[in-house]
Amino acid sequence: MPMLRVSAVALAIAVCCFAVLPPALIERNDDNLSFDEASKIEILSFAKTILSEPFLTREYLAPKLDLKADQINLESVNKIRFRTLENLLINYKAAIGDQNGELPRSTPEAQLKRLTQNFAINNAKEKFYRAYFYEQLRLAALFPKISSEIDRFNDNEILGTEFNDRVFYLTYDDGPSDQNGSTDRLIKALNDRNINAIFFALGSAAQKRENDLADLYKDQCLASHGWTHISHAKSVKEALRSIEQSANLLNARAHNSYIAAFRPPYGRRLDNSDPFFRDKIKIVLWNIDSQDWQKTISVKAAADRVLTLMLVWRKGIVLFHDIYDKAEIALPLIYDRAKRWNISFANCRSII
Ligand SMILES: [Zn+2]
């Protein structure tokens, strides 16, 4: 395995994201299961884990989510729990090829209870899904006070869970790296495989590069991650300035690759219906987070997490960061496995 190289940009943004709970990780072994076969096992494992949790109260959740009880938005938690079970049931039906079958009248929870009754879950999966469930519930507990990728404010926002079955996009944040850095190597790896991704670049980092962005992103999509890596939830005026300034620079330097999309750093943005967002730019979040920015997570661990979440969600937006070399090294692990599953990544332009 090549040694990890850390670019100057990566050092400047030592910590990309917030994480308080230990991330959910699982080691995947090679198997010959089809996408649907493997997906069915993951869906039932996640559902069984959720259903084994007791009734969720603030007092029960507080120590598990590392929050104070009065910080927890229980309504949001219950909404996300319900939506997760609903999506798991829809995905289960897709996995067994029963998408058009009539839905029984019982709730998703009741149906999943019946489906998982005799399902034997393995310990590693249970551990993974419990940690993942708490990761999600923590985001839900803080929403909307602290906005994140856990939920949408309006229809101008894309999470990835809205897509059709088996539709996946690759996305990479926080670049570009310095010249001939990790971004350049990743794009070469993508081009070599004839696939494309959306790069959410920082205006300030793009400005530092020589005038080579049109060339660099030629067969890829380029969109805004703001001017600098800060929360865009503080003021509408500041957020608009940051988005416009970065979008203008990216559009001017790589016009043919530019798409009108914005990904807020940390997923933090305002709940606003400013016409700018409605008319000019789409907010693109994510639902399959590699957690590759965490130092303790190896390339294999990040790739295994992504593959597992691809099986659970069966659609969506995969998030990596192109300022680290992990993204490039993980690409063949994900691409080769997806190919064996007959999954190809969607063309980046089709996302908006
Ligand atoms: Zn970022």
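Residues numbered from 1 in each chain as written. Predicted model: local features only at pLDDT ≥ 70, side-chain atom pairs only at ≥ 80, totals over all residues. Heavy atoms only, no water.

Before going further, it helps to spend a moment on the sheet that holds strand β7 (residues 288-289). What the 8 strands build is an open sheet, ordered β1-β6-β5-β4-β3-β2-β8-β7; its pairing is parallel. A strand with exactly one partner marks an edge of an open sheet, and here the two such strands are β1 (157-158) and β7. Here strand β4 (residues 221-224) runs beside strand β5 (residues 258-262); their pairing, made up of 2 bridges, is parallel. Directly across from L222, in β5, lies its bridge partner Y258. Those strands touched by helix α13 (residues 326-340) are β2 (168-173) and β8 (316-321), and its axis lies near 145° from that of β8. (Pairing = 2+ DSSP bridges. Helix = DSSP H or I, 4+ residues; strand = E, 2+ residues; numbered from the N terminus. Contact = heavy atoms within 4.5 Å. Axes fitted to C-alpha atoms, helices over the stretch in contact; angles between N-to-C directions.)

Okay, the packing of aromatic side chains next. What describes a pair of aromatic rings is the distance from one ring centre to the other and the angle between the planes of the rings. What the rule picks out here adds up to 14 aromatic pairs. Measuring from ring centre to ring centre gives 6.5 Å for F35 and F168, while their planes differ by 85°; the resulting arrangement is edge-to-face. Of this pair, F35 sits in helix α2 (residues 35-51) while F168 is found in strand β2, placing the two residues 133 residues apart along the sequence. Pairing F128 with Y132 gives two aromatic rings, centres 6.1 Å apart and planes at 5°, and the pair type is stacked. In this pair, F128 and Y132 both sit in helix α6 (residues 123-142), 4 residues apart, roughly one turn of the helix. With a relative accessible area of 0%, F128 lands in the buried category. (Phe/Tyr/Trp six-rings, centres within 6.5 Å; stacked < 30°, edge-to-face > 60°. Buried < 20%, exposed > 50% of the residue type's maximum accessible area, 1.4 Å probe, protein only.)

Attention now moves to empty space enclosed by the protein. One pass over the structure, following the stated rule, counts 3 cavities of 30 Å³ or more. In this structure, the largest cavity spans a volume of roughly 50 Å³. Its residues assigned to classes, the lining of the largest cavity comprises 3 nonpolar, 3 polar and 1 charged. (1 Å grid on protein atoms, 1.4 Å probe; cavity = no way out; pocket = protein on both sides within 12 Å on 5 of 7 lines; lining within 4 Å. Points joined across faces, edges and corners; volume = space filled by probe spheres on them. Nonpolar A, V, L, I, M, F, W, Y, C, P; charged D, E, K, R; others polar.)

Looking now at α2. End to end, α2 covers 24 Å across 17 residues, agreeing with the expected 24 Å (1.5 Å per residue, within 8%). Across the 17 residues of α2, 12 count as buried, placing the element largely inside the fold. Residues of α2 that are buried include every one of F35, A38, S39, E42, I43, L44, S45, F46, A47, T49, I50 and L51, and no others. On its buried face, α2 sits against α4 (74-95), α5 (108-116), α6, β2 and α12 (299-313). (Expected span 1.5 Å × (residues − 1).)

We now examine the state of the cysteines. Enumeration over the complete set of coordinates arrives at 1 disulfide. In this model, C221 is linked to C348 through a disulfide, with the two sulfur atoms separated by 2.1 Å. Its S-S torsion of approximately 75° makes the covalent link between C221 and C348 right-handed. Here C348 lies in the segment after α13 and C221 lies in strand β4, a separation of 127 residues in the sequence. (Disulfide = S-S within 2.5 Å.)

All right, on to the side chain of T308 then. Mapped onto the fold, T308 is located in helix α12. Among the residues examined, T308 registers a relative accessible area of 0% and is labelled buried. Filtering out sequence-adjacent residues up to four positions away, T308 remains in contact with I26, R28, E42, F128 and Y129.

Moving on, we get to the domain arrangement of the protein chain. Domain assignment breaks the protein chain into domain 1 (35-142) and domain 2 (153-351). Using only C-alpha atoms to locate each centre, domain 1 and domain 2 end up separated by 27 Å. Of the residues lining the interface, 19 residues belong to domain 1; the matching set on domain 2 comes to 17 residues. In total, domain 1 and domain 2 occlude about 1500 Å² of area from one another, counting both sides; carbon and sulfur atoms represent 62% of this. At the surface where domain 1 touches domain 2, the tally comes to 3 salt bridges. For D36, the salt bridge is made with R166, and the minimal N-O distance between the two is 3.5 Å. Our count for the domain 1 to domain 2 interface comes out at 7 residue pairs in polar contact (both at pLDDT 80 or more). Counting only elements with at least two residues in the side of domain 1 that touches domain 2, the list comes to α2, α4 and α6. (Domains from an automatic or database assignment. Buried area = accessible area lost by both parts, 1.4 Å probe. Salt bridge = Lys/Arg side-chain N within 4 Å of Asp/Glu carboxyl O. Polar contact = N/O pair within 3.5 Å; in protein donor to acceptor, adjacent residues only side chain to side chain.)

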